[in-house]
Amino acid sequence: MTKISKKRVLITGGASGIGKLMGGACLAKKAIELIIWDINERALKDTTKEFKIKGYSVSSHLVDVSDLQQIQDTSKLVLQKGPVDILINNAGIVTGKPFHQQNSSAITKTLAINVEGVMQITRAFLPAMIEQKSGHIVNIASAAGMMSNPNMSVYAGSKWAVLGWSESLRIELEALKGDLHVTTVTPGYIDTGMFDGVKAPLLLPLLKPKVIVAAIINGIEKNKLFVRKPFMVNTLTFVKGILPTRAFDWFVGTVLGVYKSMDEFKGH
Ligand SMILES: NC(=O)c1ccc[n+]([C@@H]2O[C@H](COP(=O)([O-])OP(=O)(O)OC[C@H]3O[C@@H](n4cnc5c(N)ncnc54)[C@H](O)[C@@H]3O)[C@@H](O)[C@H]2O)c1
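Residues numbered from 1 in each chain as written. Predicted model: local features only at pLDDT ≥ 70, side-chain atom pairs only at ≥ 80, totals over all residues. Heavy atoms only, no water.

## Some words on the pattern of salt bridges
To keep things clear, this is the line we draw: Any Lys or Arg side-chain nitrogen found within 4 Å of a carboxyl oxygen on Asp or Glu counts as a salt bridge. Under the scheme used here, helices are H or I runs from DSSP no shorter than 4 residues and strands are E runs no shorter than 2 residues, and both carry numbers assigned from the N terminus. When a residue's accessible area, from a 1.4 Å probe over protein chains only, is under 20% of the maximum for its type it is buried; when over 50% it is exposed; and in between it is partly exposed.
One pass over the full model with this rule turns up eight salt bridges. Ionic pairing is found between Arg170 and Glu174, a salt bridge with its closest N-O pair at 2.9 Å. Of this pair, Arg170 and Glu174 both sit in helix H5 (residues 153-175), four residues apart, which is roughly one turn of the helix. For Arg170, a relative accessible area of 13% puts it in the buried group. Owing to a relative accessible area of 38%, Glu174 belongs among the partly exposed residues under this scheme. Asp249 is paired through a salt bridge with Arg246; the nearest N and O atoms lie 4.0 Å apart. Of this pair, Asp249 and Arg246 are both found in helix H8 (residues 245-255), three residues apart, which corresponds to roughly one turn of the helix. A relative accessible area of 71% places Arg246 in the exposed class. Shared partners join several salt bridges into a network, and the residues in it are Arg8, Glu33 and Lys81.

Okay, here's the thing in structure tokens:
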């Protein structure tokens, strides 16, 4: 019996990438129901079928997490069956370009999916968790929310926002003194295709999806406040805090190669 067994788990962006792997892992841990929200209809159908064939209880909803009306309508539908116990805010997109080349719609869309969607979805499910005095919100941010990086300023800004919000939410929920938890996840580059073309920096090797997923599941089971991978991500705040900005730029940007890592970015 683990913390995940007999729980209702909702994962946004759960039809592919690490969202799909986290769904599979939760089902293997005997989640009573997996609810998948995704915008990709084909992937949603395929993933749902794949899990159902194995005998698991899965419900899937075609939802664009940047659309408030869809969030409100679909969350009502999900809540008719009872509270969601574990909500994993995973859906996210990246727009990888120098900021002066960004168009305004890409900025709006990135913030709507990566930031506002995460907050609105949490807002929809949190009251039922508070009422039952138990629940776990997992927010998939990024190491990009902890260090600046050229060619991903909009993405970094969006994940920076998620970090500040997620930590504030954690402190609020802890004050309520129930079995309410928030885990903030800050991975480096993961080999899912989202960041195709990037050159993994020194000491920040490309993460295998199953490695970060195992760490997130472990984080849920142990009510961890943070899941940071690879190891170097644990040191970022400290290194940034003690080094003058130019020295940080030289070490992280030039020596480790972070500031050149997006030069050949292609994405999905
Ligand atoms: N891949 C990486 O290198 C990396 C690194 C750090 C953090 N992350 C974060 O991890 C999360 C998952 O990343 P991934 O690599 O698995 O990405 P992915 O692109 O492989 O999967 C993302 C999923 O989200 C869905 N999605 C996209 N827009 C949506 C929308 N508007 N509404 C609903 N669903 C939507 C997609 O259809 C897809 O199924 C993201 O939040 C990402 O920012 C990824």
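## Focus: the site of the ligand
Convention followed: The rule for a residue being near a molecule or strand is that one of its heavy atoms must lie within 4 Å of it. Polar contacts, as used here, are pairs of N or O atoms within 3.5 Å; protein pairs need one atom able to donate a hydrogen and one able to accept it. Residues neighboring in sequence count only if both atoms are side-chain atoms. For every accessible area listed, the method is Shrake-Rupley and the probe measures 1.4 Å; residues are considered covered only by the protein chains on display. Three residue categories are used. Nonpolar comprises Ala, Val, Leu, Ile, Met, Phe, Trp, Tyr, Cys and Pro, charged comprises Asp, Glu, Lys and Arg, and polar comprises the others, including Gly.
Taken together, the neighbourhood of the ligand is formed by 28 residues, with Ser16, Asp38, Tyr155, Ile190 and Thr192 sitting nearest. Within the backbone of Ile18, one N or O atom sits 2.9 Å away from an oxygen atom of the ligand. Thr192 has a polar side-chain atom sitting 2.5 Å from an oxygen atom of the ligand. Taking 840 Å² as the accessible area of the ligand by itself, protein coverage stands at 95%. Class assignment of the residues belonging to the shell around the ligand gives a composition of 15 nonpolar, 10 polar and three charged.

## A closer look at the packing of aromatic side chains
Test applied: Aromatic contacts are taken between Phe, Tyr and Trp rings whose centres are within 6.5 Å, Trp giving its six-membered ring; a plane angle under 30 degrees counts as stacked, one over 60 as edge-to-face, and the others as tilted. Either the NZ atom of lysine or the CZ atom of arginine qualifies as a charge over a ring when it sits within 6 Å of the ring centre and within 35 degrees of the ring normal.
Enumeration according to the criterion identifies four aromatic pairs in this entry. Taken together, the aromatic side chains of Tyr155, Tyr189, Phe195 and Phe265 make up a single cluster linked through ring pairs. The positively charged end of Arg228 is found above the aromatic ring belonging to Phe226, 4.1 Å away from the centroid. Sitting over the ring of Phe248, Lys240 keeps its end group 5.9 Å from the ring centre.

## With respect to the sheet that holds strand E2 (residues 33-38)
What counts here: At least two bridges found by DSSP between two strands is the condition for calling them paired. Between N-to-C directions, angles cover 0 to 180 degrees, with each direction set by a line fitted to C-alpha atoms, over the stretch in contact for helices. Pairs of residues are marked as contacts when any of their non-hydrogen atoms sit within 4.5 Å.
Spatial ordering of the open sheet is given by E3-E2-E1-E4-E5-E6-E7, a layout of seven strands whose pairing is parallel. Whereas interior strands pair on both sides, the edge strands pair on one side only; in this sheet they are strand E3 (58-62) and strand E7 (226-229). Averaged over all neighbouring strand pairs, the angle between strand axes comes to 15 degrees, with direction disregarded. Bridge count for strand E1 (residues 8-12) against E2 is five bridges, and the pairing is parallel. Bridge pairing in E2 links Ile11 to Ile36. Sitting on the sheet, H5 touches strand E5 (134-140), strand E6 (179-187) and E7, and the angle it makes with E6 is about 160 degrees.

## What about the pairing of E6?
Which entries qualify depends on this criterion: Orient the strands so they point away from the viewer, and a crossover whose first-strand-to-second-strand path over the helix runs clockwise is right-handed.
Among the nine residues that make up E6, eight are buried, leaving the element largely enclosed by the rest of the structure. Strand direction decides the pairing type here: E5 and E6, joined by seven bridges, are parallel. Each bridged residue has a counterpart across the sheet, and for Asn139 the counterpart in E6 is Thr184. Crossover handedness for the path E5 to H5 to E6: right-handed. As paired elements, E6 and E7 share four bridges and run parallel to each other. Of the residues in E7, the one forming a bridge with Val185 is Val227.

## Re the nonpolar core
Let me state the cut-off plainly: Think of a nonpolar core as a cluster: buried Ala, Val, Leu, Ile, Met, Phe, Trp, Tyr and Cys residues, connected wherever their side-chain atoms sit within 4.5 Å.
Core analysis: the largest hydrophobic core is formed by 30 residues, its most contacted members being Val9, Ile88 and Ile216. Going through the elements one at a time, E1, helix H1 (17-28), E2, helix H2 (41-53), strand E4 (86-89), E5 and helix H6 (209-221) are the ones with two or more residues in this core. For this core, the leading source of residues is H6, giving six residues. Each residue touching Ile216, except ones within four places of it in the same chain, is listed here: Ile18, Met22, Val138, Ile140, Val185 and Val227. In terms of nonpolar packing, the next biggest core, distinct from the first, is built from 22 residues, Ile71, Phe125, Trp165 and Leu173 among them.

## Here we look at the packing of helix H3 (residues 68-79) against helix H4 (residues 104-132)
The condition that has to hold: What sets the label is the angle itself: under 35 degrees gives roughly parallel, over 145 gives roughly antiparallel, 65 to 115 gives roughly perpendicular, and the rest give oblique. The sense of a crossing depends on the near helix, which, turned anticlockwise from the far helix by less than a right angle, makes the crossing left-handed and, turned clockwise, makes it right-handed.
Two elements in contact, H3 and H4, have axes separated by 10 Å at closest approach and are oriented at 25 degrees. Here H3 lies roughly parallel to H4, going by the angle between them. Once H3 is placed against H4, the crossing between them reads as right-handed. Taken together, the residues of H4 that come into contact with H3 (itself represented by Leu68, Ile71, Ser75, Val78 and Leu79) are Gly117, Gln120, Ile121, Ala124, Phe125 and Ala128. The residue makeup of the contact of H3 with H4, split by class, is eight nonpolar, three polar and no charged.

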